[in-house]
Amino acid sequence: MMIGFPALMYYFWVSLEFHHGKIFLPSSYTKEGLADFLQTEILNKVVTAGLPTVKATKIYMGYVLFSFILAQVMPGPSVHGLPIPSLKGKRVLYHCNGLSSWYLILITSAVLHVSGIFRLTEIIDNFGPIMSVAIIWGFVMSTLVYVSSAINGTQHRMSGNIFYDYFMGGPLNPRIGHVDLKMWAEIRIPWPVLFYISVSCLLKQYELTGQITGPQAFMVLAHFLYVNACQKGEECIPTSWDMFYEKDGFMLIFWNMAGVPFTYCYASVYLMKYQLTTGEAITHSLPYTIFLYVFLLLAYYVFDTGNSQKNRFRMEQNSSFIVRNAFPQLPWGHIKNPSYIKTKHGNSLLTSGWWGIVRKPHYTADLCMSISWGLITGFGSFLPYFYFCFFLVVLTHRVSRDMERCAKKYGDDWVRYCERVPYIFVPYVF
């Protein structure tokens, strides 16, 4: 994974940049043919157009630094996480200023673009080099976090296998000042970068043609909804499984710093690159376009309110619930007097709202949004569907692991819960 996924990212970048998003294969599978393919089709193109540059480093690392400074200084509520067993039940405090930081980032980027100090179109113009910087930074930050945890004695659940431990991580809650690096990397970097890649593609389209197509605007809307949801609901993150249990290693750090923003963006980049190379923009019939917009917004509604219902219920159980009116607050996002099953283990299993209909409503909505990102591009390339396919595999594995873990943890209470909520993703189907 640590070698294969970065290599796959470069392969897909070459596909988008030089092959209209098509999957390209060696002409011969002999040793010489494979070596020539690797040299000619991958390495030469990466060296020519994809290596890090000073400009790319300034763009990506400038944002990373700016985001970190905002995480330190911007105002926002503080929320306690769940009691952590390795810290003898201590509840870590998280400073949730993502929303104020997000609004300032939006204002700053608009000023920079309009003033000409930094045109946002430079992001797509330097996409390959910026991706390379992000990949390198993913390795660098993973190493720094791992080494510092070894020096500071903050490693947890180590296996003794250095490669596995590096991948999964050493520390649980690494911090600089009051910034939790794990939450910062999960919320503040990947989604805003993804959004600005899409914005850059849209602005590039307008700069070249004086027009904006429905599909390109669709992707900006889709990514805005996602990043805004993360920022406006940041106070719900401290009680999540990632914060409570997952260690901060290469798996999380690289994925957030490079994997998410530079693979989930393929739909936006494909739309832009296709128009640049063919001279024709991808568009669809009005009914089809309207259908996808409505489909996206409905899926987002379930995604937003489903996550809100679960996390606010968990925060109420944890006595950390706070009322926030961040935009948008959607109807049915907070369930008053919810029904639930109190387990002998001490935890409560929510059986109200979307969670009384299926066990994983947020996953269903997430998958619906991800498939819409592909459908808006048509069927000319697999790459816009990579996110959906990858996400489907990851969620299927995660759900099966979660079901098995909960069955062992809760026993008869889990049987009762499954009888109460029998479907996982889709009512009466699965």
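Quick notes on the rules
- Residues numbered from 1 in each chain as written.
- Predicted model: local features only at pLDDT ≥ 70, side-chain atom pairs only at ≥ 80, totals over all residues.
- Heavy atoms only, no water.
- Helix = DSSP H or I, 4+ residues; strand = E, 2+ residues; numbered from the N terminus.
- Rg over C-alpha atoms; globule rule 2.2 N^0.38 Å.
- Buried < 20%, exposed > 50% of the residue type's maximum accessible area, 1.4 Å probe, protein only.
- Areas by Shrake-Rupley, 256 points an atom, 1.4 Å probe, with all protein chains shown as cover.
- Lys, Arg positive; Asp, Glu negative; His and termini not counted.
- Charge placed at Lys NZ, Arg CZ, Asp CG, Glu CD.
- Phe/Tyr/Trp six-rings, centres within 6.5 Å; stacked < 30°, edge-to-face > 60°.
- Lys NZ or Arg CZ within 6 Å of the ring centre and 35° of its normal.
- Patch = residues over 30% accessible without salt bridge, like charges linked within 9 Å, V, L, I, M, F, W, Y side chains within 5 Å.
- Salt bridge = Lys/Arg side-chain N within 4 Å of Asp/Glu carboxyl O.
- Axes fitted to C-alpha atoms, helices over the stretch in contact; angles between N-to-C directions.
- Parallel < 35°, antiparallel > 145°, perpendicular 65-115°, else oblique.
- Contact = heavy atoms within 4.5 Å.
- Nonpolar A, V, L, I, M, F, W, Y, C, P; charged D, E, K, R; others polar.
- Core = buried A, V, L, I, M, F, W, Y, C linked by side-chain atoms within 4.5 Å.
- Pairing = 2+ DSSP bridges.
- Polar contact = N/O pair within 3.5 Å; in protein donor to acceptor, adjacent residues only side chain to side chain.

A. Here's a closer look at the overall build of the protein. Across its full length, the protein carries 17 helices and six strands. The C-alpha radius of gyration computed for the protein amounts to 22 Å, which stays within 12% of the reference 22 Å derived for 430 residues, consistent with globular compactness. Reported as C-alpha extents along the three principal axes, the dimensions of the protein are approximately 60 × 55 × 50 Å. Out of the 430 residues belonging to the protein, those deemed buried represent 55%. Of the roughly 19,500 Å² of accessible surface on the protein, a fraction of 66% belongs to carbon and sulfur atoms. Looking at charge distribution, the protein has the averaged site of its 33 positive side-chain charges lying 8 Å from that of its 24 negative ones.

B. A look at the packing of aromatic side chains. Summed over the entire model, instances satisfying the criterion amount to 44 aromatic pairs. Where Y410 meets W414, the ring centres are 6.4 Å apart and the plane angle is 25 degrees; that geometry is what we call stacked. Judged on exposure class, the residue Y410 and its partner W414 are both buried. Its guanidinium or amino end placed over the ring of Y94, R175 lies 5.0 Å from that ring's centre, counting from NZ or CZ.

C. Main features of a nonpolar patch on the surface. Taken together, the side chains of I23, L25, Y29, L34 and F382 make up a nonpolar region of the molecular surface, amounting to roughly 520 Å² of accessible area. Position of L25 among the secondary structure elements: in the loop between α1 (4-18) and α2 (31-49).

D. The packing of helix α4 (residues 98-115) against helix α10 (residues 214-232), seen in detail. Axis separation between α4 and α10 bottoms out at 7 Å; the angle between their running directions is 140 degrees. As summarised for this structure, α4 and α10 are arranged oblique, according to the angle between their axes. Counted together, G98, L99, W102, Y103 and L106 of α4 and F224, V227, N228, Q231 and K232 of α10 form the full contact between these two elements. Its residues assigned to classes, the contact of α4 with α10 shows six nonpolar, three polar and one charged.

E. The arrangement of the nonpolar core in detail. Counting 131 residues, the largest nonpolar core has Y60, M141, W184, M257, F262 and W373 as its most contacted members. The biggest single contributor to this core is helix α6 (residues 127-152), with ten residues. Apart from residues no more than four positions distant in its own chain, W184 is found in contact with V64, S67, F68, A71, M141, V179, I189 and M257.

F. The arrangement of the pairing of strand β2 (residues 90-95) in detail. Bridging between strand β1 (residues 78-84) and β2 involves five bridges; their strand directions are antiparallel. In the strand pairing of β2, V79 is matched with Y94. Counting the residues between successive antiparallel strands, the hairpin from β1 to β2 contains five residues, one of them, K88, with a positive phi of roughly 60 degrees.

G. Expanded view of the environment of L392. You can see L392 is positioned in helix α16 (residues 386-410). Owing to a relative accessible area of 36%, L392 belongs among the partly exposed residues under this scheme. Distance in space between the C-alpha atoms of L392 and T364 is 9.8 Å, their sequence separation being 28 residues.

H. Spatial organisation of the side chain of N173. Locating N173 in the fold gives a position in the loop between α7 (162-168) and β3 (175-176). N173 gets classed as buried once you look at its relative accessible area, which sits at 17%. Among the polar contacts made by the side chain of N173, one reaches the side chain of Y94 at a distance of 3.0 Å.

I. Summary view of the environment of T396. Tracing the sequence through the fold places T396 in helix α16. Overall, the relative accessible area of 45% leaves T396 in the partly exposed class.

J. Main features of the pattern of salt bridges. Using the criterion set out here, one finds 14 salt bridges in the structure. Between K273 and E17 there is a salt bridge, and its shortest N-O distance comes to 3.1 Å. Here the residue K273 occupies a position in helix α13 (residues 266-278), and E17 occupies one in helix α1, the gap between them amounting to 256 residues. On the basis of relative accessibility, which here comes to 28%, the residue E17 falls in the partly exposed class. Among the ionic pairs, K204 bridges to D125, the shortest N-O distance being 3.1 Å. Of this pair, K204 sits in helix α9 (residues 190-209) while D125 sits in helix α5 (residues 122-125), and the two are 79 residues apart along the sequence. The exposure class of K204 is buried, given its relative accessible area of 13%. Taking relative accessible area as the criterion, D125 reaches 46% and is therefore assigned partly exposed. Among the charged side chains, a salt-bridge network with shared partners connects R119, D125, K204 and E207.

K. Looking closely at unusual backbone geometry. The phi angle at R157 is positive, at roughly 50 degrees, despite the residue not being glycine. Relative accessible area serves as the criterion here: at 42%, R157 is assigned to the partly exposed category. Phi angles above zero are rare outside glycine, and N337 is one such case at about 55 degrees. Along the chain, N337 turns up in the loop between α14 (286-317) and β5 (340-342). Residue classification places N337 among the exposed residues on the basis of a relative accessible area of 78%.

Everything listed is a geometric property; what it means functionally is a separate question.
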